[in-house]
Amino acid sequence: MTKDATAGHRSVAGPVDPCIRTALGAVLIGFIGLLGLTVVVLTARHGAVLPIDRAAHAWSLHHRPSALVTAARAVTATGTGVFPYAAAVAAGLIAGRNPRRRLGYATGALAFLLLGQALRYGLMEAISRSRPPVGDWATHASGFAFPSGHATTSALMAGLLVAAIGHRAYGSRAGRVAAALAGCWAAAVGLSRVLLGVHWVTDVVAGWLFAAFWLGLGAALIRTALPAHRR
C-alpha cells in the first residue's frame, strides 16, 4: 500500500471519539470493580462482616445526632419512589430542542433507567446479601442489600441529568455547577444509606460501580450509533 493510500485510509477512519473512549473507561472500571467486589462479598457471605463495612457501620452508629438523621431521611427519600422516574423524564425534556426530540429523549431516559433497575434487581436477588442488624436501622428498608438500590438509582439519575445538561449547556459555568450539584446529590443519597444503618458501605460502592458501568455502556452505544456530524 502506498503512503497516499495509507494516509487516505487514516483520514477515513479518523481518531477515536474521546467521548466513546471515556464511556468505555467507565464501563471497564464499573465492570471490573463490581465484579471484584461481588466476588469478595460472596466469599465472605458465610463468614464475618467485611472490616471496612464493620468500621463504617460502627462509625455511623456513633455519629448520627437527631438533626443529622432527619436530614439523612429527607435526602434518602429522593433516591426512590416517583422522584427518580420524574427526574428521568425531566432529563429528556431538558436535552430535547423541540417537542419531538423531548418526547423521544424522555422515553429513552425512562427506558434506560427501568432496564438498569431490572438488571440491578436481578443482581441483588442473585447475591442475596443481608443488611445490617435491624436494631441499628434509623429508617425503613426492605429487600436484600447488595448493590444498594438508592445508591444505584440516584447515581443513574445524576448521570442522566449531567448528560442532559451537557447536551444543552456544554462547557458553560451554569452547566458545570448543575452537574456538580447532581453528583453531590447522588453521593449524599448513597452515604445517607450508611448513616441510617440500612446498608453496608460496600453495598453503596457497588451501586455506584453498577451505575458507572450502565451509564458508560449506554453512552458508548448511543455515541457509536450517532453519525459523526451529530456528535
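Residues numbered from 1 in each chain as written. Predicted model: local features only at pLDDT ≥ 70, side-chain atom pairs only at ≥ 80, totals over all residues. Heavy atoms only, no water.

Brief notes about helix H5 (residues 82-95)
- Between its first and last C-alpha, H5 extends 20 Å over 14 residues, near the 20 Å set by a 1.5 Å rise per residue.
- For H5, the set of buried residues is Pro84, Ala87, Ala88, Ala91, Gly92 and Ala95. Looking straight down H5, one finds its buried side chains confined to an arc of 145 degrees; they lie on one side.
- Residues of H5 that are buried make contact with helix H6 (99-127) and helix H7 (149-169). (Helix = DSSP H or I, 4+ residues; strand = E, 2+ residues; numbered from the N terminus. Expected span 1.5 Å × (residues − 1). Buried < 20%, exposed > 50% of the residue type's maximum accessible area, 1.4 Å probe, protein only. Arc of directions from axis to C-beta. Contact = heavy atoms within 4.5 Å.)

What to know about the environment of Arg73
- Looking at the secondary structure, you find Arg73 in helix H4 (residues 66-77).
- Given the relative accessible area of 42%, Arg73 is considered partly exposed.
- Other than its neighbours up to four places away in sequence, Arg73 contacts Ala138, Thr139 and Leu196.

Section: the pattern of salt bridges
- Going through the model one piece at a time under the given rule, you end up with 2 salt bridges.
- In this structure, Asp53 and Arg129 form a salt bridge, with 2.7 Å as the shortest nitrogen-oxygen distance. On the criterion of sequence distance, the pair formed by Asp53 in helix H3 (residues 51-61) and Arg129 in the loop between H6 and H7 is long-range, its members being 76 residues apart. Residues Asp53 and Arg129 agree in their burial class; the two are buried.
- Here Arg129 and Asp203 are joined by a salt bridge, their closest N and O atoms 2.7 Å apart. Of this pair, Arg129 sits in the loop between H6 and H7 while Asp203 sits in helix H9 (residues 201-225), and the two are 74 residues apart along the sequence.
- Under the relative-accessibility criterion, Arg129 is labelled buried at 11%. (Salt bridge = Lys/Arg side-chain N within 4 Å of Asp/Glu carboxyl O.)

A few points about the packing of aromatic side chains
- Tallied over the full model, the rule gives 3 aromatic pairs.
- The interplanar angle of 45 degrees and the centroid separation of 6.2 Å between the aromatic rings of Phe31 and Phe213 together place this pair among those described as tilted. Remark: Phe213 occurs in helix H9 and Phe31 occurs in helix H2 (residues 18-43); sequence separation between them is 182 residues.
- Centre to centre, the rings of Phe83 and Trp185 are 5.8 Å apart; their planes meet at 65 degrees, and the pair counts as edge-to-face. (Phe/Tyr/Trp six-rings, centres within 6.5 Å; stacked < 30°, edge-to-face > 60°.)

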